[in-house]
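# An overview of the molecular structure
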Amino acid sequence: MKKYFVSILLLLSISFLFAQKFPDNSLGRLKSIKKGANAYTLETSYGVAKIMVYSPEIIRFRISKESMDQDFSYAVVGTPQACKVSVHETEGLVLIQTDSLRLEISTDPVRFTVKDSHGNFLNRDDPAFGTTWVGEEVTTFKSLMEGEKFIGLGEKTGNLDRRGEGYTNWNSDVPGYPVNQDPIYASFPFYIGIHDLVSYGIFLDNTFRTNFNFGASNNRYSSFGADAGEMDYYFIGGNSVSRIIENYSWLTGRMPMPPLWGLGFQQSRWSYFPDTEVLDLAKSFREKKIPLDVIYLDIHYMDAYKIFTWHPERFSKPKSMIDQLKNMGVHTAVIVDPGIKVEDGYKAYEDGKKQDIFLKYPDGTLYTAQVWPGWCNFPDFTNPAGRKWWGDNFKGYVDNGVEGFWNDMNEVASWGGGKTSSIVHFNWEGKGASYRQGKNIFGMQMARSTYEGTKSLMNKRPLILTRAAFSGAQRYTAIWTGDNVASEEHMMLGCRLVNSLGITGMPFCGTDVGGFMTDDASASLFSRWLSIGTFTPFFRVHKHYDFKKSEPWSYGPFVEGYSRNYISLRYRLLPYIYSSFYETHSKGIPVNRALVIENTFDKNCWSIAYQNQFMFGPSLLIAPVESTKEITKVYLPKGDWYDFFNGKKYSGEQEIMIECPLDKLPVFAKGSSFIPMQSIVQNTSESSDTLFLHFFMGNEKSEFNYYEDDGISMDNESGKFMTRKFSFDPLSKQLIIDAPKGSYKSKYKVISLVLHGDSGEIKINGKAEKAKDAVIDILTSLADSDPLYTYASKFPENVRIVQIRNLNDRMVIDLK
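Chains are numbered independently. Their residues run from 1 in the order of the written sequence. Predicted model: local features are reported for residues with pLDDT of at least 70 only, side-chain atom pairs are reported and counted for 80 or more only, and whole-chain, interface and lining totals are derived from all residues. The side-chain values count all of the structure's non-hydrogen atoms but skip hydrogen atoms and water molecules.

## Details of the layout of surface pockets
- Using a 1 Å grid laid over the protein atoms alone, points where a 1.4 Å probe fits but cannot get out form a cavity; open sets with protein on both sides within 12 Å along at least 5 of 7 lines form a pocket; any residue with an atom within 4 Å of a point counts as lining. Grid points are joined across faces, edges and corners, and a volume is the space filled by probe spheres set on the points. Estimated volume of the largest pocket: approximately 850 Å³.
- Lining the largest pocket are 29 residues, with Glu583, Arg593, Glu598, Pro618 and Glu703 sitting closest to its centre.
- Counting from the N terminus, the helices are DSSP H or I runs at least four residues long and the strands are E runs at least two residues long. Sort the elements by how many residues they give to the lining of the largest pocket and helix H12 (residues 574-587) lands first, with six residues.
- Residue polarity is assigned by list, with Asp, Glu, Lys and Arg as charged and Ala, Val, Leu, Ile, Met, Phe, Trp, Tyr, Cys and Pro as nonpolar; anything else, Gly included, falls into the polar class. By residue class, the composition of the lining of the largest pocket is eight nonpolar, twelve polar and nine charged.
- Empty space within the second largest pocket amounts to approximately 660 Å³.

## Quick notes on the sheet that holds strand E37 (residues 620-622)
- Pairing within the open sheet is antiparallel, and its six strands lie in the order E35-E36-E37-E42-E39-E40. In this open sheet, the two edge strands, each paired with only one partner strand, are strand E35 (592-594) and strand E40 (649-651). Each strand axis lies, on average, 35° off the axis of its neighbour in the sheet, ignoring direction.
- Pairs of strands are assigned from DSSP output, requiring at least two bridges between the strands. Examined bridge by bridge, E35 and strand E36 (residues 614-616) share three bridges and lie antiparallel to one another. Across the sheet, residue Asn592 finds its bridge partner in E36, namely Phe616. Every axis in this analysis is a line fitted to C-alpha atoms, fitted for helices over the stretch in contact. Angles between the N-to-C directions lie between 0 and 180 degrees.

## Details of empty space enclosed by the protein
- Counted according to the given criterion, the structure contains seven cavities of 30 Å³ or more.
- Its boundaries defined by the atoms lining it, the largest cavity holds a volume of some 190 Å³.
- Pro256, Met257, Pro258, Tyr451 and Pro462 are, among the 20 residues lining the largest cavity, the residues nearest its centre.
- Mapped onto the lining of the largest cavity, the elements with two or more residues apiece are helix H8 (435-458) and strand E29 (463-466).
- Tallied by class, the residues present in the lining of the largest cavity amount to 13 nonpolar, three polar and four charged.
- Lining of the second largest cavity is provided by 14 residues; of these, Gly494, Cys495, Thr511, Ile532 and Thr536 occupy positions nearest its centre.
- Of all the elements in the fold, those that place two or more residues in the lining of the second largest cavity are helix H9 (488-503) and helix H10 (523-533).
- Element by element, the count of residues in the lining of the second largest cavity is highest for H9, at four residues.
- Of the residues belonging to the lining of the second largest cavity, the class tally is eight nonpolar, six polar and no charged.

## A few points about the packing of H10 against helix H11 (residues 557-572)
- Interhelical geometry of H10 versus H11 gives an angle of 5° and a closest axis separation of 9 Å. Taken together, H10 and H11 sit at an angle that is classed as roughly parallel. Here Ala523, Phe526, Ser527, Leu530, Ser531 and Gly533 of H10 lie close against H11, whose contacting residues are Val559, Tyr562, Ser563, Tyr566, Ile567 and Arg570.
- Residue composition of the contact of H10 with H11, by class: seven nonpolar, four polar and one charged. Orientation labels follow simple angle bins: below 35 degrees gives roughly parallel, above 145 gives roughly antiparallel, 65 to 115 gives roughly perpendicular, and whatever is left gives oblique. Should any heavy atoms of two residues lie within 4.5 Å, those residues are considered in contact.

## Comments concerning the packing of aromatic side chains
- Only Phe, Tyr and Trp rings take part, Trp by its six-membered ring, and two of them pair if their centres are within 6.5 Å. Stacked means planes under 30 degrees apart, edge-to-face means over 60, and tilted covers everything else. With the rule as written, the count across this model stands at 74 aromatic pairs.
- Residues Phe273 and Tyr545 carry aromatic rings whose centres are separated by 6.2 Å and whose planes lie at 20° to one another, so their mutual orientation is stacked. Within this pair, whereas Phe273 is found in the loop between strand E20 (266-267) and helix H3 (275-287), its partner Tyr545 is found in the loop between strand E34 (540-541) and H11, the two being separated by 272 residues in sequence.
- These aromatic residues form a ring-pair network of at least three members: Tyr301, Phe308, Trp310, Phe315, Phe358, Phe381, Trp389, Trp390, Phe394, Tyr397, Phe405 and Phe442.
- Our definition puts a charge over a ring when NZ of Lys or CZ of Arg is within 6 Å of the ring centre and also within 35 degrees of the ring normal. Stacked on the ring of Trp170, the Lys or Arg Lys439 has its end atom at 5.4 Å from the ring centre.
- Taking NZ or CZ as reference, Arg540 lies 4.5 Å from the ring centre of Trp406, over its face.

## A short note on the pattern of salt bridges
- Any carboxyl oxygen of Asp or Glu within 4 Å of a side-chain nitrogen of Lys or Arg constitutes a salt bridge here. The tally for this structure, following the rule as stated, stands at 41 salt bridges.
- Lys306 serves as the salt-bridge partner of Glu343, at 2.8 Å between the closest nitrogen and oxygen. With Glu343 in the loop between strand E23 (340-341) and helix H5 (347-355) and Lys306 in the loop between strand E21 (294-297) and helix H4 (318-327), the pair connects residues that are 37 residues apart, well separated along the chain.

## What about the environment of Trp310?
- Positionally, Trp310 belongs in the loop between E21 and H4.
- A residue is classified by how much of its surface remains accessible, and Trp310, at 15% relative accessible area, is buried.
- Through-space distance from the C-alpha of Trp310 to that of Tyr397 is 9.5 Å; in sequence the pair is 87 residues apart.
- Setting aside chain neighbours within four positions, we find Trp310 in contact with Leu297, Tyr301, Met302, Asp303, Phe315, Pro318, Ile322, Val334, Tyr397, Asn400 and Val402. Categorising residues by exposure relies on relative accessible area from a 1.4 Å probe, with only protein chains included: less than 20% of the type maximum marks a residue as buried, more than 50% marks it as exposed, and the intermediate range marks it as partly exposed.

Below you can see the structure in the form of structure tokens.
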């Protein structure tokens, strides 16, 4: 119901416009055009528009009723690139053309139509409405194409296809949110439209409350608009959905390589205390042989919930505790909230006042609200001095050995926070802005301040996590989907949220595995959720203090065993996962990929029955299923597919029925794909000598770019890393392992090539090699020497292993 409220408001606005002589309130008749360097300013009888070509595939539209604001963005880091642009003017039409896009501008009134280089319609303004103002509110209306589908907007509930829905971006603290709640914690105003075998993207760069309508309560238009500010949007082209995502991530920035330990398993609770409980928790993981890399400390580690403090009794010697955890291979992460308690003598409060870095009312008094410590002031993260002040204050944490920083309550949340005064003033880099403009950016800028400060202090990669965010936050932080609920519906919703966040440039993301709120997490629900979490970029269990504990062993011995197996699988897959993160870092393609990214025009991938399925990296298809089911239907897109846990081969473009007991999540390896793996380790600081390179025979050409660096330092930013391309040609049946590139030396001493499927005589660089036939177990974490481990059955097909010890040369492997 809430989603349709946006649509009703828009319809009322349109009715109002007709009553007020509608054309007078939309972008009017072209009066003049001023040409610059790939930029064109259009003055109209009502409003002004500036068109800027950023690349052959990206065009920016700035539209204002009056003069333009100063050009500034927290989200966009891409700058206009030199490219060929031609301009032609005829009566009634201005044509701006690049190698990839054709922008047609009608002149009376000014309306925009975008086609691709072949003349196919991509997107066009609604002829009557175009860009329209109602008071401060500005909305752009686009003609709704027949059969058009929409994906994106990041952390939004609902179906994969946004068609027929309306959404609002207004970062909000909604604990235990319903599965159809909108808005929730974060705003990513970017979507992709798909129709008639073409696709396009639109990013609305406006931090005020924004509204999107994808044909909700109408069959005429889609629209996007903001409560105030400019209509400032980027039209993003590309010959595929993945190319559009790549272009968008170039525009808003890509994530840095994370610390390798941030990809391991992470355990959290509100809260673990005192320090002895934290140490006992780590010891239990080690004793039970369940891999673990991170433990989180929630608000009870602080003295009276005051940030930058430690509780004098619960955590009297934090450095000693953290050192002991490090000796067990466990990293420590702490929660950090933005509220600074108003308390005389409290160092952070006194220094923040002295440095004048808190948010204020327009009359200069400090903005104050209630959160965990009581009445608090809040740093202004849009003030450069405020960001530096915040970052510098992490020195105490860093000196004690903390390496992870969990940014919470940054919507901005406060008791009664939904009623925060709109007159609160932000610095906005010295330009000044209201709370209405600053609210959606607050969480992103807090995460930025935390990242920049801790990275400088640590001189290595920190792990930053945030609840609230805006487009561009991926440059600084991971995100989790907030205070979810222990239910089947929330588990499945979490898959769609993570996939949608990946589409909108926020790839390092995850849910609270097992559900944060309520005691309804049965043993079966936790077990299934943890198996799904294994194939999620950010993998953390977190539970509310008022509900039963949620460690893997707290649900009984069977779930403990299932958890050990899947968490161990996560660690075996780390070479594959880390390489997938490198693709995200370098190209913006997410780790978790909705099937429609690569199978955009396969109608089955849009089906509600299969909308939760996703690719985990380029090679693994995951089919999430409720814990109440023991058999389920799965859709396999084009290509060949192998059941990852028993090796059974399937042809693609078909629906199959498959058993899914709790210890077997439906997971499939794609034919012609590579999956590098390692032996089981208990944490990421442990070494593994052998890289198990799994290859699944298929009929398509393929490539996989393998990546290594030290996983900790920032040396990769100065070029100290290694890449290596694996490729396969089905016509020649040749598998090629290119020579490694880069200055980093691989930690692996042996490559064990594991061939799945029918392969003939094996030759390496023309020399016949004897392969060892093998039967590989799949889901038993006890098999230390094998990369796949045991489910109930064995691989039925012929699996063969070839040992390769020469790691430095190019190898051509014939499989005829």
